[in-house]
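This is what each chain is made of:
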Amino acid sequence: MSSGQDHRELPMRQRQPVTDPHAAQTSPEQFASDVQYYLTLNPRQLPSRYFYDALGSALFEAICRLPWYRVTRAELRLLEAHGREIFERAGRPTRLVELGSGSGDKLATLVESGRSGAGPLDLHLIDVSPSALVVSSRALSALNDVDVDVRIVTHEASYEAGLLEATREAWGAGPTLVLFLGSNIGNFDRPGAEAFLRGIRARLARGAAFLIGADLVKGERELLLAYDDPLGVTAAFNRNLLARINRELGGDFDIERFAHRAVWNREESRVEMHLVSLAPQRVRVPAAEIDFTIEEHESIWTESSYKYQPDDIVRTLQQTGFECVRQWIDAGDGFALTLVKAV
Ligand code: AVJ
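Keep in mind that this is a model prediction, so the values were computed, not measured.

Basis of the calculations
Residues numbered from 1 in each chain as written. Predicted model: local features only at pLDDT ≥ 70, side-chain atom pairs only at ≥ 80, totals over all residues. Heavy atoms only, no water. Buried < 20%, exposed > 50% of the residue type's maximum accessible area, 1.4 Å probe, protein only. Helix = DSSP H or I, 4+ residues; strand = E, 2+ residues; numbered from the N terminus. Arc of directions from axis to C-beta. Contact = heavy atoms within 4.5 Å. Pairing = 2+ DSSP bridges. Axes fitted to C-alpha atoms, helices over the stretch in contact; angles between N-to-C directions. Parallel < 35°, antiparallel > 145°, perpendicular 65-115°, else oblique. Left-handed = near helix turned anticlockwise from the far one by under 90°. Nonpolar A, V, L, I, M, F, W, Y, C, P; charged D, E, K, R; others polar. Domains from an automatic or database assignment. Near = heavy atom within 4 Å. Polar contact = N/O pair within 3.5 Å; in protein donor to acceptor, adjacent residues only side chain to side chain. Areas by Shrake-Rupley, 256 points an atom, 1.4 Å probe, with all protein chains shown as cover. Salt bridge = Lys/Arg side-chain N within 4 Å of Asp/Glu carboxyl O. Core = buried A, V, L, I, M, F, W, Y, C linked by side-chain atoms within 4.5 Å. Phe/Tyr/Trp six-rings, centres within 6.5 Å; stacked < 30°, edge-to-face > 60°.

Before going further, it helps to spend a moment on helix H8 (residues 220–227). When H8 is considered as a whole, its buried residues turn out to be Leu223, Ala226 and Tyr227. Buried residues of H8, seen end-on, are gathered within an arc of 90° and therefore sit on one face of the element. In the core, the buried residues of H8 are packed alongside helix H9 (233–249), strand E7 (258–265), strand E8 (270–277) and strand E11 (299–306).

Below, the discussion takes up the pairing of strand E10 (residues 290–294). Two faces belong to every sheet, and in a regular strand the side chains alternate between them. Every second residue of E10 is oriented toward a common face, the buried set being Ile290, Phe292 and Ile294 and the non-buried set Asp291 and Thr293. In this sheet, E10 lies alongside strand E9 (residues 281–285) in antiparallel orientation, the contact comprising five bridges. Bridge pairing links Gln281 to Ile294 in E10. Where E9 folds back on E10, the antiparallel hairpin that results is connected by four residues, among which Glu289 adopts a positive phi of roughly 50°.

Here E8 lies mainly inside the structure; eight of its eight residues are buried. Here E8 shows two buried faces, one formed by Arg270, Glu272, His274 and Val276 and the other by Val271, Met273, Leu275 and Ser277. Here eight bridges tie E7 to E8, and the two strands are oriented antiparallel to one another. Residue pairing in the sheet places Ala259 in a bridge with Val276 of E8. Hairpin connection between E7 and E8: a loop of four residues separates the two successive antiparallel strands, and Ser269 in this loop has a positive phi of roughly 55°.

What follows concerns the packing of helix H3 (residues 71–89) against helix H4 (residues 105–114). Where H3 meets H4, the closest approach of the two axes is 7 Å, and the angle between their N-to-C directions is 40°. Taken as axis vectors, H3 and H4 run oblique relative to one another. Handedness of the H3/H4 crossing: right-handed. Across the interface between the two elements, Glu75, Leu76, Leu79, Glu80, Gly83, Arg84, Ile86 and Phe87 from H3 touch Asp105, Lys106, Thr109, Leu110, Val111, Ser113 and Gly114 from H4. Class assignment of the residues belonging to the contact of H3 with H4 gives a composition of six nonpolar, four polar and five charged.

This paragraph deals with the sheet that holds E11. Pairing within the open sheet is antiparallel, and its three strands lie in the order E7-E8-E11. Strands at the two margins of the open sheet, each flanked by one partner only, are E7 and E11. Within the sheet, the average angular offset between the axes of one strand and its neighbour, ignoring direction, is 20°. In terms of strand pairing, E8 meets E11 through seven bridges, oriented antiparallel. Bridge assignment links His274 to a residue of E11, and that residue is Trp301.

Let us now look at the domain arrangement of the protein. Accessible area lost when the parts come together is the quantity often used to give the size of an interface. Domain assignment breaks the protein into domain 1 (11–68 + 220–306) and domain 2 (73–217 + 309–342). Taking the mean C-alpha position of each, domain 1 and domain 2 sit 24 Å from one another.

So, about the site of the ligand. Looking at the ligand, there are 14 residues lining it, with Tyr69, Gly182, Tyr227, Glu303 and Ser305 nearest. Residue Tyr69 places a side-chain N or O atom 2.6 Å away from an oxygen atom belonging to the ligand. With the chains in place, 98% of the 350 Å² that the ligand exposes on its own is no longer accessible. Among the residues making up the shell around the ligand, the classes are represented as seven nonpolar, six polar and one charged.

For the rest of this paragraph, the subject is the pattern of salt bridges. Per the stated rule, a full pass over the model turns up 22 salt bridges. In this structure, Glu222 engages Arg70 in a salt bridge whose closest nitrogen and oxygen atoms are separated by 3.8 Å. Here Arg70 lies in the loop between helix H2 (54–65) and H3 and Glu222 lies in helix H8, a separation of 152 residues in the sequence. For Glu222, a relative accessible area of 33% puts it in the partly exposed group. Arg270 is paired through a salt bridge with Glu272; the nearest N and O atoms lie 2.9 Å apart. By the burial criterion, Arg270 is buried, and Glu272 matches it. Connected through salt bridges with shared partners, the residues Arg70, Arg77, Glu222, Asp330 and Asp333 form a single ionic network.

On to the nonpolar core. In terms of nonpolar packing, the biggest core is built from 66 residues, with Val35, Leu123, Leu177, Leu211, Phe253 and Ile300 touching the most fellow members. Split by domain, this core shows at least three residues from each of two domains, domain 1 (11–68 + 220–306) and domain 2 (73–217 + 309–342). The next biggest cluster of nonpolar side chains, apart from the first, holds 27 residues, and it includes Leu204, Leu216, Tyr308 and Ala336.

Moving on to the environment of Ile313. Position of Ile313 relative to the elements: it lies in helix H10 (residues 310–319). Considered as a pair, Ile313 and Leu337 are 24 residues apart in the sequence and their alpha carbons are 9.5 Å apart. Every residue in contact with Ile313, bar those within four places of it in the chain, is listed here: Ile212, Ala214, Leu216, Tyr308, Gln327, Ala336 and Thr338.

What follows covers the packing of aromatic side chains. Note on aromatic pairs: each is described by the distance of the centres and the angle between the planes. Counted by the stated rule, this structure contains 16 aromatic pairs. Note on Tyr52 and Phe60: the rings are 5.8 Å apart at their centroids and 85° apart in plane angle, and the pair reads as edge-to-face. With a centroid separation of 5.9 Å and an interplanar angle of 80°, the aromatic rings of Tyr69 and Tyr227 are classed as edge-to-face. With Tyr69 in the loop between H2 and H3 and Tyr227 in helix H8, this pair connects stretches of sequence that are 158 residues apart. With relative accessibility at 7%, the residue Tyr69 sits in the buried group. For Tyr227, a relative accessible area of 8% corresponds to the buried category.

In structure tokens:
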């Protein structure tokens, strides 16, 4: 034995992630005008996509580790167990486009467990959070070390704008799999989800694959614990939205006078998150040109997480231009992964 050095093949060239300069970023002006519009609706609301600034993204990553929030782990287990079959049945895709890629863990798990063949993979990460894109592109670049040859393109954009950018190149480039994981579909109401899925279908060539992860209806106790955890992490995640408005738009929300509340709305099949005012109080947000009084007990509705039945998901996809390839269910945690193809 001469040296401890083993003579492996050189690792594949480390590729730097590319940031798409054309992606439509979410601007401060858009944030201000959305805050103005939604906060003055009756009931008052705020769009949940604004949770994800750097702190909000970190808090969401913490939520994913909470024992009471089982969505992420259930999905990772399914991706790991069925990754090979997903790649096979998706037609051995060479381009993966993830809408709302977050930490990148889900995509990394799928690629590691499922990739078939050694050819290069194009990974398109679409997220509204620049900090999440930095973290995820770094995590996914590490796949090059376990000899998957990946090219990464990040799109700091909404789902729609990002998908448009990611699919700007001819679809002929190779079989494509679009991923919409983490039960992000839950943030759309039913008509919104249908419209969104139709929009995705319209961007896909016939035969392109689409994988969607959705949290299922389950017992109320379990649902409420997932959205109102005993450590208060979800409460912090929710209240950070007010903190973000204070930081970025010069708002004067008294954050301690807003309580986190999670509600299971059975008729609508959704968990709602609210911020409930603990006193009558005046709120000013100069950059959004608003100045109002909120009553005691009045709430700001910040998020809906719709929960599905497995057949619902298949039916909705069939109605929006897809055919079902396979569905995998984690019965223990109530989560479904559904693979479909564009027809
Ligand atoms: C990332 C939208 C799927 O609705 O379960 C977690 C966000 N909100 N805890 C969800 C969230 C409160 C999450 N999604």
